[in-house]
Amino acid sequence: MPPETPKSRRKDREVVPFQVGDKVVLRKPHPCGSCTWTVYRIGADIGLICSGCDRRVMLERRLVQRRMKSRTPANSVSEMDT
């Protein structure tokens, strides 16, 4: 039986339920200066669009989860607009 993992490592293994249209704030800013990204593709990799310069990047799901500060679900973003 494997030894129990520390709590900090367990958090990494939890799957964040990303949806297309979610707004994600990452820890480090993009070179354009923006920290906010929009999810445009879901899978093993997460597709993100920079809110500042519209650059598209693909990051592994675990990297996005590790670098993420906050996430605003797509349905609450649309409710805030109306």
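This structure is a prediction, so every number in the text was calculated from the model and none was measured.

Further remarks concern the environment of serine 70. In this structure, serine 70 sits in strand β5 (residues 68-72). For serine 70, a relative accessible area of 35% translates into the label partly exposed. Separated by 34 residues in sequence, serine 70 and threonine 36 have C-alpha atoms that sit 9.5 Å apart. What serine 70 contacts, discounting residues up to four positions off in sequence, is Lys23, Val24 and Val25.

Once rolled over the atoms, a probe with the size of a water molecule shows which space is left empty. Size it by volume and the second largest pocket reaches roughly 180 Å³. Looking at the second largest pocket, the residues that line it are Leu26, Arg27, Lys28, Pro29, His30, Trp37, Val57, Leu59 and Arg67. Residue composition of the lining of the second largest pocket, grouped by class: 5 nonpolar, 1 polar and 3 charged.

Moving on, we come to the environment of cysteine 35. Inspection of the secondary structure assignment puts cysteine 35 in the loop between β1 (23-26) and β2 (36-41). Non-local contacts of cysteine 35, meaning those with residues more than four positions away in its chain, are made with Val24, Val25, Leu26, Lys28 and Pro29.

Glancing now at the sheet that holds β2. Whenever strands of a sheet pair, they do so through backbone hydrogen bonds, lying parallel or antiparallel. Sheet architecture is open: 5 strands sit in the order β4-β3-β2-β1-β5, paired in antiparallel fashion. The strands lining the two open edges of the sheet, one partner per strand, are β4 (56-60) and β5. With strand direction ignored, the average angle separating the axes of adjacent strands in the sheet is 35°. Direction of pairing for strand β3 (residues 45-50) relative to β4: antiparallel, over a ladder of 5 bridges.

Bringing the state of the cysteines into the picture now. Counted by the stated rule, this structure contains 0 disulfides. Cysteine cysteine 32 shares no disulfide, and the gap to the nearest cysteine sulfur, in cysteine 50, comes to 3.5 Å. Counting only cysteine sulfurs, cysteine 50 is the nearest neighbor of cysteine 53, a cysteine outside any disulfide, at a range of 3.8 Å.

Quick notes on the rules
Residues numbered from 1 in each chain as written. Predicted model: local features only at pLDDT ≥ 70, side-chain atom pairs only at ≥ 80, totals over all residues. Heavy atoms only, no water. Helix = DSSP H or I, 4+ residues; strand = E, 2+ residues; numbered from the N terminus. Buried < 20%, exposed > 50% of the residue type's maximum accessible area, 1.4 Å probe, protein only. Contact = heavy atoms within 4.5 Å. 1 Å grid on protein atoms, 1.4 Å probe; cavity = no way out; pocket = protein on both sides within 12 Å on 5 of 7 lines; lining within 4 Å. Points joined across faces, edges and corners; volume = space filled by probe spheres on them. Nonpolar A, V, L, I, M, F, W, Y, C, P; charged D, E, K, R; others polar. Pairing = 2+ DSSP bridges. Axes fitted to C-alpha atoms, helices over the stretch in contact; angles between N-to-C directions. Disulfide = S-S within 2.5 Å.

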